[in-house]
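Tertiary structure, described
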Amino acid sequence: TTTTTTTTPRRGEGGGRGQQQKKKTKFFFGKNWTKRRSGGCPSSSSRWAQWEKKQQLSSRVVVAGAFPRSRDALDVGNGTKSDRRGEAVTTKSSRGGGGGAGGGGAMSASMMAKEQRKKKENAEEGRSKKGKDASSSSSSSLQSKSASDDECERTPANAKWKRVMLKISGEALSGTLEKQNFGLDPSVVERIAGEIVAASMSGVEIAVVVGGGNFFRGASHEGAHLDRASADYMGMLATVMNAISLQGAIEAKGVQTRVLSALSIKEVAEPYIRRRAIRHLEKGRVVIFGAGTGNPFFTTDTGAALRAAEINAQVVLKATKVDGVFCSDPKQNINAKKYERLSYETVQRLGLGVMDQTAITMCRENELPIVVFDMMKNGNIQKAIRGQAGVGTCISDSDEKCP
């Protein structure tokens, strides 16, 4: 019990004189505070003991979760009812002689109800699990089937190379006539595009680097009014022109093509991003690299070797007007000998004009074989891309990497 005392001054008197005391007494039983009422709590110890015994006899035994949330719900067999919280309560009538049996019956009923609920839940979980397993197995089988179909579709006809780098000379795009050494020959561009499309449809991933010698060659135009860097930049723009022309010819035949420029020309070409280029190739698109390396003093041959190393190509195919590498110029010497196989060291030591020394060194360091062939013969580009033997000259330190 707790007792609180408050003092208030009498009416008409000062605060320091006699004060009236009022006492308020409260008793604590269980969780509720109750004011003292007549007969609510005994004052003597004997009456207190009687009152406590009475409270113990009238106390309730709670059995959780046996009956629904109904105030008047009755259990006929056990003589129990439920309170407002949905808990089974044993009354006084069921305690006299059969209280234990009634409580045991309520407990057994609650256990049986719990077991039945568990069985239902387990059965539902089993059905849902079986359905999930069946759906997952069917989806996995469909996925594996689609993956195998994609692999079959993307498997190249030849097992030699999966991804190749094709270097096309700009002068070759001007045609076969010696007088016509400037501009583009539409028939030549269309024929090259047709062979690239045929090889791409077979499953080979093709990247292309185009030269710009048919429009402007930076090294040859270095003079009084142009320094070498400015002339090289003009040559880079010429390669972009050839790339756009070849892109239109390839897409006209039904194969998607992307032009990636080392110079920022976002209106006509995508900027060169290595991962983007690889993603285009993985999707089966033909990728054409324009503007070389984007730096002066480097040829498009060096740009082809650099891009081939970046995209993890397996070979560099150099398409020219000459069918391979000869000991001398075949146009001037009819008896010039053609080489079928060459090593990088032999090319550098003899100074053969296959590619510039920087490109040869880069291919050698990255173990990229080089195949030099004549692109003017019908079907040579497709054969070279597929890795057929007997096309041009192969330059590599390993015979296994050559066709």
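Residues numbered from 1 in each chain as written. Predicted model: local features only at pLDDT ≥ 70, side-chain atom pairs only at ≥ 80, totals over all residues. Heavy atoms only, no water.

**A few points about the pattern of salt bridges**
Applying the stated rule across the entire model yields 14 salt bridges. As a salt-bridge pair, Arg258 and Glu270 come within 3.7 Å of each other at their nearest N and O atoms. Placement of Arg258 in strand S10 (residues 257-261) and of Glu270 in strand S11 (residues 270-271) is noted, with a sequence separation of 12 residues between them. A relative accessible area of 21% places Arg258 in the partly exposed class. In this structure, Lys401 and Glu367 form a salt bridge, with 3.3 Å as the shortest nitrogen-oxygen distance. Of this pair, Lys401 sits in the segment after strand S18 (393-395) while Glu367 sits in the loop between helix H8 (357-365) and strand S17 (370-374), and the two are 34 residues apart along the sequence. Judged by its relative accessible area of 30%, Lys401 is partly exposed. Each of the salt bridges in this network shares a partner with another, and the network as a whole consists of Glu251, Arg258, Glu270 and Arg276. (Salt bridge = Lys/Arg side-chain N within 4 Å of Asp/Glu carboxyl O. Helix = DSSP H or I, 4+ residues; strand = E, 2+ residues; numbered from the N terminus. Buried < 20%, exposed > 50% of the residue type's maximum accessible area, 1.4 Å probe, protein only.)

**Section: the sheet that holds strand S8 (residues 163-168)**
Sheet architecture is open: nine strands sit in the order S11-S10-S12-S9-S8-S13-S17-S18-S16, paired in mixed fashion. One side of each edge strand has no neighbouring strand; the edge strands of this open sheet are S11 and strand S16 (341-342). Of the pairings in the sheet, the one linking S8 to strand S13 (residues 316-320) comprises four bridges and is parallel in character. Within the sheet, the bridge partner assigned to Lys167 lies in S13 and is Lys318. Across the sheet, helix H3 (residues 186-201) is in contact with S8, strand S9 (205-210) and strand S12 (286-290); its angle to S9 comes to roughly 155°. (Pairing = 2+ DSSP bridges. Contact = heavy atoms within 4.5 Å. Axes fitted to C-alpha atoms, helices over the stretch in contact; angles between N-to-C directions.)

**Observations regarding the pairing of S12**
Buried residues dominate S12, accounting for five of its five residues. Bridge count between S9 and S12: three bridges; the pairing is parallel. Looking at the pairing, Ala207 lines up with Val287 of S12. Where S10 and S12 come together, five bridges link them in parallel fashion. Looking at S12, one finds that Arg258 is bridged to Val287.

**Some words on unusual backbone geometry**
Among all residues save glycine, negative phi is the norm, and among peptide bonds the norm is trans. Residues other than glycine seldom take positive phi values, yet Ala291 does so here, at roughly 70°. Residue placement: Ala291 occurs in the loop between S12 and helix H6 (300-310). Unusually for a residue other than glycine, Glu367 sits at a positive phi of about 55°. Look at Glu367 and you get exposed, because its relative accessible area is 54%.

**Overview of the state of the cysteines**
Scanning all chains against the criterion turns up one disulfide. Note that Cys394 is cross-linked by a disulfide to Cys402, the S-S spacing being 2.0 Å. Taking the torsion about the sulfur-sulfur bond, which here is approximately -80°, the covalent link between Cys394 and Cys402 counts as left-handed. Summarising the burial analysis for this pair, Cys394 and Cys402 share the class buried. (Disulfide = S-S within 2.5 Å.)

**A closer look at H6**
Every buried residue belonging to H6 is among Asp301, Thr302, Gly303, Ala304, Ala305, Arg307 and Ala308, and all of these are buried. The first or second residue beyond H6 is Asn312, which carries a positive phi of 65°.

**What about the side chain of Thr293?**
By the element assignment, Thr293 lies in the loop between S12 and H6. On the basis of relative accessible area, Thr293 is assigned to the buried category, the value being 14%. At 3.4 Å, the side chain of Thr293 forms a polar contact with the backbone nitrogen of Asn295. Those residues in contact with Thr293 that sit more than four places away from it in its chain are Ala262, Phe298, Thr302, Gly303, Leu306 and Arg307. (Polar contact = N/O pair within 3.5 Å; in protein donor to acceptor, adjacent residues only side chain to side chain.)

**Let's talk about the confidence of the model for the protein chain**
Taken as a whole, the protein chain shows an average pLDDT of 75; of its residues, 64% reach a score of 70 or greater. In this model, residues 15-20 is a region of pLDDT below 50 whose contacts with residues beyond four sequence positions or in other chains number eight contacts. Note on residues 60-106: pLDDT under 50 across the span, and 58 contacts to partners over four residues away in sequence or across chains. (pLDDT = per-residue confidence, 0-100.)

**Section: the pairing of S10**
Regular strands place side chains that alternate from one sheet face to the opposite one. Within S10, four of the five residues are buried, which leaves it mostly tucked inside the rest of the structure. Across two bridges, the pairing between S10 and S11 is parallel. Note that in S11 the partner of Ser261 across the bridge is Pro271.

**Here we look at the nonpolar core**
In terms of nonpolar packing, the biggest core is built from 38 residues, with Leu166, Ile196, Val208, Leu246, Leu317 and Phe373 touching the most fellow members. Mapped by element, the contributors of at least two residues to this core are S8, H3, S9, helix H4 (228-251), S12, S13, S17 and helix H9 (380-386). For this core, the element with the most residues is H3, which contributes seven residues. In this structure, Val208 is in contact with Met165, Leu166, Ile168, Ile196, Leu246, Val286, Val287, Ile288 and Phe289, ignoring residues within four places of it in sequence. (Core = buried A, V, L, I, M, F, W, Y, C linked by side-chain atoms within 4.5 Å.)

**A few points about the packing of H3 against H4**
With their axes 9 Å apart at the nearest point, H3 and H4 run at an angle of 60° to one another. When the interaxial angle is binned, H3 and H4 end up oblique. The chirality of how H3 crosses H4 is right-handed. Here H3 contributes Val189, Ile192, Ala193, Ile196 and Val197 to the contact with H4, which in turn contributes Ser245, Leu246, Ala249 and Ile250. (Parallel < 35°, antiparallel > 145°, perpendicular 65-115°, else oblique. Left-handed = near helix turned anticlockwise from the far one by under 90°.)

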